Amino acid sequence: MEGSGEGSRDVVLPSRPVPGSYGVPFISAVRDRLDFFYLQGEDKYFESRAERYGSTVVRLNVPPGPFIARDPRVVALLDAKSFPVLFDVTKVEKRNVFTGTFMPSTSLTGGYRVLSYLDPSEPNHAKVKQLLFSLLASRKDAVVPAFRSNFGKLFDTVEEQIVSNGKSDFTGLNDTASFEFIGEAYFGVRPSESSALGTGGPAKAAKWLLWQICPIATLGLPMIVEEPLLHTVPLPPFLVSSDYKALFKYFSAAASKALDTAESLGLPREEACHNLLFATVFNSYGGFKRLLPGILSRLARADKKLHEKLAREIRKAVADAGGKVTLAALEKMELTKSVVWETLRVDPPVKFQYGRAKADLQIESHDASYSIKKGEMLFGYQPCATRDTRVFGPTAGQFVGDRFVGEQGRKLLKYVFWSNGPETESPSVDTKQCAGKNLVVLVGRLLLVELFLRYDTFTADVGAKVVITGVTKAATSDPSKA
Ligand code: HEM
C-alpha cells in the first residue's frame, strides 16, 4: 500500500481483540487528560499508545473526562484504513457527538440541537443541510468579490504594519477579515455594519466558541489555571448570553432571505436562524480561523521555490482569464489546489471525529480485524489517519506542496479526510460530510491567489500566531488590477 494508496484486497487479516486500557475509573481519565494537554501533547498521546499496544486500533480515554463528560472511554482509530468507518452513517450514529464525549449546553444555541449534533436519521438534518446548500448555491457569485475586498484590505494593513512595526500579526487580522468576509459572502451584509455588532463581532464570536470547545482545547496557559477553569466543569452559559444575543440580532436581520427559504423548507424561522448562526460562526468562522493561518504557516516554512511556482501559476491563469480571478481560472491552478489539500491533509483543522457503533461490527486496520460491540464510542484522531505512512509513504508527516498534482497525485485524494469524508466525495443531506466542503477549498485557494498576485514571496514567524515579517512585492504588475 505504501506510497501508492492501493492496498492488496484479498488478504485475510487476523482477528484481534482491541488492545488498550482505560485504567482506574476517574483517576486515569484525569491523568490521561493531563497527558493529552500538557505532559505528552495530542500527537504523542495517541502515537505512544498505538506503539505501546502495537495496534492502530486501541482503547483509550479522551478528554475532557470528569466532570464534563460522563464516559471518556473510546476505541481510537489511528490509521487511514480503519478511520473511514466514521463516515458510514449506516454503521455509526452521529447524534450529539460533534464535540465528542460531551455536548455543550443547548442554552448556547438558543435551546436547539443544531445541525452539527443531528444524526442523518433525524428529520431536521436533511432540512437544515438543504437550507445551507441552497444558501451557498445562491451566493456562489458573491464569494470571490467578498473575499478579494476583505483580504485585499487585510494585506494593505499588513504592508502598513510592516512599514511601521517591522511585522504584522496575520492571525489577528485574519479573525476580522474572515468574519467580515463570511457575513458579506453569505448574506451581503458586513457584520461591522450591523448596529448590534459593530466591530465587536469577532471577539463575541470567539468568546462564544470558547464556551463550547474549551473542554477539549488549551489556550497555552499554565495547567494549574486551565484545568479548573476550562476542563473540569462547563463555563456557565449566562456569561456569554449577551454576546450570543448580539450575534443573533445580526443574523435575524441580515439573513432574512435565507430565513424565507427556511420557511419554505418547513423549518421554523427561529430554529433556522440559530442554525445559520452556528453554521456561519462555529463551522465557517471557526474553520477559517484555523485554516487560513495554517496555510500561511506551512508556506512560510516551505522552500521559496514553491512561492515562485505558485506566483507563476496564479498570475498566468489570471492573465489568461483576461486579468480576472474567475472560478474557471482557479480550476486551472493545479499546484495551488494541491497546496490547499496538502495543508488540510497534514494539519486537518478539525482533528477529532466521533461516532457510536449502531450494531456489532468488524473494523479493519492495515494489519488486523477487530470486533466492536454495539454502543461503543469510536473516535478518529485525524492526523494519524491522514499522515499514515502506509498510504502517503515516507514523506507522510511532511508538507509536500505538489503532492496532489497530476494523475498519480490525484489518486491519493481519497485519503484526504478533513471534511469528514473522502475528498473525492461530495457532501449530501444523507451523510455528515462538511456542508462547506467546496467553499473551504475555494477560500484556501483564494488566499493563495491574493497573496501571490501581490507578492513574489514573504517571510513569517510561526508559533501560536503567524506573524508576517516581510513581503516582496510582485515585480510584474498584478494582472487582476490591469
Ligand atoms: C461538518 C470540517 C468549514 C458547515 C463538518 C465536519 C468536519 C468539518 C470535520 C464533520 C464533523 C462531525 O460530524 O464529526 C470543517 C473545516 C472547515 C469547515 C475543517 C474549514 C476549514 C465549513 C463551512 C461551512 C461548514 C465554511 C459552511 C456552511 C458544516 C456543517 C456541518 C459540518 C453544516 C455538519 C454537517 C452535517 O451535519 O451533515 N465540517 N468545516 N463547514 N460543516 Fe464543516
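Use the structure listed above.
Parameters and conventions
- Residues numbered from 1 in each chain as written.
- Predicted model: local features only at pLDDT ≥ 70, side-chain atom pairs only at ≥ 80, totals over all residues.
- Heavy atoms only, no water.
- Phe/Tyr/Trp six-rings, centres within 6.5 Å; stacked < 30°, edge-to-face > 60°.
- Helix = DSSP H or I, 4+ residues; strand = E, 2+ residues; numbered from the N terminus.
- Buried < 20%, exposed > 50% of the residue type's maximum accessible area, 1.4 Å probe, protein only.
- Pairing = 2+ DSSP bridges.
- Contact = heavy atoms within 4.5 Å.
- Axes fitted to C-alpha atoms, helices over the stretch in contact; angles between N-to-C directions.
- Expected span 1.5 Å × (residues − 1).
- Salt bridge = Lys/Arg side-chain N within 4 Å of Asp/Glu carboxyl O.

Caption draft 1: Structural detail: the packing of aromatic side chains. Inspection of the entire model under this criterion finds 37 aromatic pairs. On the numbers, 5.1 Å between centres and 90° between planes, the contact of Y45 with F46 is edge-to-face. Consider the rings of F155 and Y455, whose centres lie 5.8 Å apart with planes at 75°: the pair is edge-to-face. Taken together, the residues span a long stretch of sequence, with F155 in helix α4 (residues 143-165) and Y455 in strand β9 (residues 455-462) at a distance of 300 residues. The pair formed by F155 and Y455 is uniform in burial state, with each residue classed as buried.

Caption draft 2: Structural view of the sheet that holds β9. If you walk across this open sheet you meet the three strands as β4-β10-β9, and the pairing is antiparallel. If you trace the sheet from one side to the other, it starts and ends with β4 (168-169) and β9, each paired once. Pairing analysis gives two bridges linking β4 to strand β10 (residues 466-473), with the strands arranged antiparallel. By the bridge assignment for β10, S168 is matched with I468. Of the strands in this sheet, β4, β9 and β10 touch α4, which is tilted by about 90° from β10. Along the sheet, helix α17 (residues 437-454) makes contact with β9 and β10, crossing β9 at roughly 115°.

Caption draft 3: Spatial organisation of the sheet that holds strand β8 (residues 377-381). Taken in spatial order, the five strands line up as β1-β2-β8-β5-β3 in an open sheet, and their pairing is mixed. Of all the strands in the sheet, the pair left with one neighbour each is β1 (57-61) and β3 (92-93). Sheet topology places strand β2 (residues 73-77) next to β8; three bridges connect them, and they run parallel. Across the sheet, A76 pairs through a bridge with F379, a residue of β8. Across the sheet, helix α2 (residues 42-53) touches β1, β5 (352-357) and β8, and the angle it forms with β1 is around 125°.

Caption draft 4: Just helix α8 (residues 241-254), in detail. Over its 14 residues, α8 runs 20 Å from end to end, which matches the ideal 20 Å to within 8%, given 1.5 Å per residue. For α8, the full list of buried residues reads D243, Y244, A246, L247, F248, Y250, F251 and A254. Elements that come into contact with the buried residues of α8 comprise α5 (170-187), α6 (201-213), α9 (256-264) and α10 (269-301).

Caption draft 5: How the structure looks around the pattern of salt bridges. Throughout the structure, instances matching the rule amount to 32 salt bridges. A salt bridge links D88 to K91, with the shortest nitrogen-to-oxygen separation between them at 3.8 Å. Within this structure, R31, D32, D35 and R49 form a network of salt bridges that share partners.

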